[in-house]
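Take a look at the letters that make up each chain.
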Amino acid sequence: MSRTEADVEPEDRPPPEDDHAFFGQPKGLLTLSGLEVWERFSFLGMQAILVLYFADSVAHGGMGMSDGTAASVSAAYGTLVYLVSVAGGWLADRILGSYRSVLWGGVLIACGHYAMAVPTGTMTWVGLGLISGGTGLLKPNVATMVGKLYRTDDERRDAGFALYYMAINVGAFAGPLITGWLGDHKGWHWGFSAAAVGMTFGLIQYVAGRRHLAGRSNTAEFALAPDGMRRAVRLIVVGILVAAALAVLLAGVGWLTMDRFVDLLTVVSVIAPVVYFAVMFMSPRVTPGERGRLRPYIVLILASTVFNFILFQAYSTMMLLASTNAETSILGFDFPAGWYASALGAFEVGLAPVVAALWVRMGPRQPHASNKIAIGVVLGGLSFLLMVLPTSGHSGDDYLMSVWWIVGSYLLLGLGDILLETSGMSATTKLAPAAFSSQTMSLWFLSLALANGIQAQTVKLYDDVSKPAYFGVNGAIAVAAGLAVIAAAPWLRRTMHPVH
């Protein structure tokens, strides 16, 4: 019996008839995918206009930041979101259980978006804080719950994650369309309001589909003893209050500036995955076999970091470039710059089922997970290298490139994202030590925090170097990293068993 089966009590499993009820996949995949549709609608819908809101003038309802600062702060917010995912994984494993972690995470996200709908700077920061905490609870645990729907050796697993990722990107496509139009025509905070409504819909359908989920009990799989749990809750509450009070104090005396906060998050994003790997390697609850599978996982984490460093700039530097130097009209139809973000979601919606069908058709002949991830990294790098062409040869910054350059870049990025994220999340659920199941998924999300942390520093150069140099150097580094993973494929195949 696989670890996934053993972890789920009989009364905590979905009905047997659910196993092939959703396009040959477990019906619980529909419930979890539906939640992620609305979570991505709200999260990426908001993120598509966040950097534009930061960079817009105060007179137009924005925050009045420079482009580089706006991109850096936006990346720092992303860093915080994924850093908190570590706590989300631990809380699910030890205190709340996966189902309640996802539920309460969704509630916090919805509250955060409602807060951002209030047109004041203070409520913007409060809202971003709530969304960070909620996403940290929700994201790692939803992916873990998807993994629990399958046996470890189930060949439908990668295809299931591909369908899950396709559903996610329905929200990624629709969100920027709604928030971008509202932000452009009604005001930025109207766009944030739409994100709030979307997350509310997601919570409703998640609760309604609870019986189709594995791991839906209200108990944690590796729960602390009652005394330890009470002590942990007290420490968490006190720690949050102390950290908040200290932040207010340091900000009040002028030490905790925005630049220093961004730098602090970058430092933490570098240290956190190193410490987390060390804890798992040294834990007595991790078997020698599990420890051996963590070594190749380090390579996958680094590959994910490089790719997502490129991907997340689709919502920062690429969005800024689109708003200033790209046409926003097709066949006489004008559209907001924020709609470019929907192209990424549209490509992933269209390509994900094709990729899923290809993996099912190939069966055991499909490329190894490490090669899928490596190809994804190469495609991410190529998406940036493509932007060297339309940004070169101009004497000033007043040029406008064709719509299709941005769209073509997002096509490469979308295909790379499907290959890397679906294979990476699927591999994570297979490589996870039993005692760190949700937390190992959090470690995957720490690679996203690290990518954002590095981005938060790199995008500061966006105002200071030429656009061809910026996109060319970053793209070349990503291509080189992908090729390095391909070169390491023989060792990865040997050490990543049972990942295929």
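Residues numbered from 1 in each chain as written. Predicted model: local features only at pLDDT ≥ 70, side-chain atom pairs only at ≥ 80, totals over all residues. Heavy atoms only, no water.

Topic: the overall build of the chain
Check the secondary structure of the chain and you find 18 helices and 2 strands. Here the C-alpha radius of gyration of the chain, 22 Å, is about what a compact globule of 500 residues would show, namely 23 Å. Referenced to the eigenvectors of the C-alpha coordinate spread, the extents of the chain come out at roughly 65 × 55 × 40 Å. For the chain, the proportion of its 500 residues judged to be buried stands at 56%. (Helix = DSSP H or I, 4+ residues; strand = E, 2+ residues; numbered from the N terminus. Rg over C-alpha atoms; globule rule 2.2 N^0.38 Å. Buried < 20%, exposed > 50% of the residue type's maximum accessible area, 1.4 Å probe, protein only.)

Re the packing of helix H13 (residues 369–386) against helix H17 (residues 467–487)
Closest axis-to-axis distance for the H13/H17 pair is 7 Å, and the angle between their directions is 165 degrees. Classed by the angle they form, the pair H13 and H17 counts as roughly antiparallel. H13 and H17 meet at a crossing whose hand is left-handed. Counted by class, the contact of H13 with H17 contains 15 nonpolar, 7 polar and no charged residues. (Axes fitted to C-alpha atoms, helices over the stretch in contact; angles between N-to-C directions. Parallel < 35°, antiparallel > 145°, perpendicular 65-115°, else oblique. Left-handed = near helix turned anticlockwise from the far one by under 90°. Nonpolar A, V, L, I, M, F, W, Y, C, P; charged D, E, K, R; others polar.)

Brief notes about the environment of Gly-363
Tracing the chain through its elements places Gly-363 in the loop between helix H12 (340–362) and H13. Exposure remark for Gly-363: the relative accessible area of 11% places this residue in the buried category. With 204 residues separating them along the chain, Gly-363 and Ala-159 place their C-alpha atoms 10.0 Å apart.

Section: the nonpolar core
Nonpolar side chains tend toward joint burial in soluble globular proteins. The biggest cluster of nonpolar side chains holds 92 residues, and the ones touching the most others in it are Met-46, Leu-50, Tyr-297, Ile-406 and Tyr-410. One finds Tyr-99, Leu-138, Phe-161 and Ile-168 within the second-largest nonpolar core, a separate group that totals 23 residues. (Core = buried A, V, L, I, M, F, W, Y, C linked by side-chain atoms within 4.5 Å.)

Section: the side chain of Ser-447
By secondary structure assignment, the location of Ser-447 is in helix H16 (residues 437–458). Those residues in contact with Ser-447 that lie beyond four places of it in its chain are Ile-301, Ser-304 and Thr-305. (Contact = heavy atoms within 4.5 Å.)

A word on the pattern of salt bridges
A full pass over the atoms with the stated rule returns 3 salt bridges. Here Glu-36 makes a salt bridge to Lys-139, at a shortest N to O gap of 3.1 Å. In this pair, Glu-36 is assigned in helix H2 (residues 28–55) and Lys-139 in helix H5 (residues 121–147), connecting sequence segments 103 residues apart. For the pair Glu-36 and Lys-139, a shared accessibility class is recorded, and that class is buried. Notably, a salt bridge pairs Asp-263 with Lys-460, separated by 3.1 Å at the nearest N-O pair. Of this pair, Asp-263 sits in helix H9 (residues 258–282) while Lys-460 sits in the loop between H16 and H17; the two residues are 197 residues apart in sequence, bridging distant segments of the chain. (Salt bridge = Lys/Arg side-chain N within 4 Å of Asp/Glu carboxyl O.)

Points about the packing of aromatic side chains
All told, the structure shown has 16 aromatic pairs when counted by the stated rule. In this structure an aromatic cluster arises from ring pairing among Tyr-53, Phe-54, Trp-125 and Phe-192. One residue, Lys-467, lies across the ring of Tyr-462, its end atom 4.6 Å from the ring centre. (Phe/Tyr/Trp six-rings, centres within 6.5 Å; stacked < 30°, edge-to-face > 60°. Lys NZ or Arg CZ within 6 Å of the ring centre and 35° of its normal.)

Details of the environment of Pro-367
Of note, Pro-367 is situated in the loop between H12 and H13. Overall, Pro-367 belongs to the partly exposed group, its relative accessible area being 28%. In this structure the C-alpha to C-alpha distance between Pro-367 and Leu-448, which are 81 residues apart in sequence, comes to 24 Å.

Some details on a nonpolar patch on the surface
Residues Trp-125, Met-258, Phe-261, Leu-264 and Val-268 make up a contiguous nonpolar surface patch of about 390 Å² in total accessible area. With 4 residues, H9 is the single largest residue contributor to the nonpolar patch. The class of Leu-264 is partly exposed, set by a relative accessible area of 45%. (Patch = residues over 30% accessible without salt bridge, like charges linked within 9 Å, V, L, I, M, F, W, Y side chains within 5 Å. Areas by Shrake-Rupley, 256 points an atom, 1.4 Å probe, with all protein chains shown as cover.)

Structural notes on helix H4 (residues 98–116)
In a regular helix each residue adds 1.5 Å, so 19 residues correspond to 27 Å; H4 covers 27 Å between its end C-alpha atoms and thus fits that length. Taken together, the buried positions of H4 are occupied by Ser-98, Tyr-99, Ser-101, Val-102, Gly-105, Gly-106, Ile-109, Ala-110, Gly-112, His-113, Ala-115 and Met-116. (Expected span 1.5 Å × (residues − 1).)

Focus: the packing of helix H3 (residues 67–96) against H9
Packing of H3 against H9 leaves a shortest axis separation of 10 Å and a crossing angle of 35 degrees. Regarding H3 and H9, the two cross each other, and that crossing is left-handed. Every residue of H9 that contacts H3 at Ser-72, Val-73, Ala-76, Thr-79, Leu-80, Leu-83 and Val-86 is listed here: Met-258, Val-262, Leu-265, Val-268, Ser-269, Ala-272 and Tyr-276. Looking at the contact of H3 with H9 residue by residue, the classes come out as 11 nonpolar, 3 polar and no charged.

Describing the confidence of the model for the chain
Averaged over all residues, the pLDDT of the chain equals 83, while 90% of them reach at least 70. The least confident element of the chain is helix H1 (residues 3–7), whose mean pLDDT is 43; the most confident is H17, at 94. When the criterion is pLDDT under 50, residues 1–8 qualifies, and its contacts beyond four places in sequence or with other chains add up to 20 contacts. (pLDDT = per-residue confidence, 0-100.)

Things to note about the environment of Glu-39
In this fold, Glu-39 is placed in helix H2. In sequence terms Glu-39 and Thr-135 are 96 residues apart; their C-alpha atoms lie 8.8 Å from each other. If sequence neighbours within four positions are ignored, Glu-39 has contacts with Ile-109, Thr-135, Leu-138, Lys-139 and Met-199.

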